[in-house]
Amino acid sequence: QVQLVESGGGLVQAGGSLRLSCAASGRTLSGHTMGWFRQAPGKEREFIARFRWGSGSQYYRNSVKGRFTISRDTAKNTVYLQMSSLKPEDTAVYYCASSDSSSVVGVRPTDYDYWGQGTQVTVSV
């Protein structure tokens, strides 16, 4: 069992930056696939980015490429999502997720086994 706890959300002006953290406990993330998703009010949860812990490979949705970056701290068993050049349309609750599989496609919520509680990101104009 893996427990995930997100932090780092908040209110930021358009063009600003935030760094979200996803701290895992209960099991090392080695061999896992990590994902970041977001959900705006009235909308479905959407994929943002995927990170393969073993290979370090990353994949992003087009709308965040060049603005968002995933990184990790192996010693802390933590994944980060650095968000820059934020836009009002980035406003949502952000979730991290973990899959026991190292090869899952990882762009659908159903690809993941564990979820954090979410952290609110609000981008003002």
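Conventions adopted
- Residues numbered from 1 in each chain as written.
- Predicted model: local features only at pLDDT ≥ 70, side-chain atom pairs only at ≥ 80, totals over all residues.
- Heavy atoms only, no water.
- Helix = DSSP H or I, 4+ residues; strand = E, 2+ residues; numbered from the N terminus.
- Patch = residues over 30% accessible without salt bridge, like charges linked within 9 Å, V, L, I, M, F, W, Y side chains within 5 Å.
- Areas by Shrake-Rupley, 256 points an atom, 1.4 Å probe, with all protein chains shown as cover.
- Salt bridge = Lys/Arg side-chain N within 4 Å of Asp/Glu carboxyl O.
- Phe/Tyr/Trp six-rings, centres within 6.5 Å; stacked < 30°, edge-to-face > 60°.
- Buried < 20%, exposed > 50% of the residue type's maximum accessible area, 1.4 Å probe, protein only.
- Lys NZ or Arg CZ within 6 Å of the ring centre and 35° of its normal.

Can you explain unusual backbone geometry? Please cite residues and give values.
Phi is positive for Asn77, which is not a glycine, with a value near 55°. The phi torsion at Ser85 lies on the positive side, around 50°, for a residue other than glycine. Take Ser85: it is sitting in the loop between β8 (78-83) and β9 (92-99).

Can you lay out a nonpolar patch on the surface for me, pointing to particular residues and giving the numbers?
Taken together, the side chains of Tyr59, Val105 and Val107 present a nonpolar region at the surface, about 240 Å² in accessible area. Assignment of secondary structure puts Val107 in the loop between β9 and β10 (114-115).

Could you give an account of the packing of aromatic side chains, naming the residues involved and the relevant values?
Per the counting criterion, the structure on display carries seven aromatic pairs. Here the aromatic rings of Phe37 and Phe47 are separated by 5.8 Å at their centres, their planes lie at 75°, and the arrangement is edge-to-face. Remark: Phe47 occurs in strand β5 (residues 46-52) and Phe37 occurs in strand β4 (residues 33-39); sequence separation between them is ten residues. With respect to burial, Phe37 and Phe47 carry one shared label: buried. Ring geometry for Phe47 and Tyr59: centres 5.8 Å apart, planes at 25°, overall stacked. Linking Phe47 in strand β5 with Tyr59 in strand β6 (residues 58-60), this pair joins segments that are twelve residues apart in sequence. Since its relative accessible area comes to 8%, Phe47 is described here as buried. Through successive ring pairs, a cluster of aromatic residues spans Phe37, Phe47, Tyr59, Tyr95, Tyr112 and Trp115. Across from the ring centre of Tyr95, 3.7 Å away, lies the NZ or CZ of Arg45, which sits over that ring.

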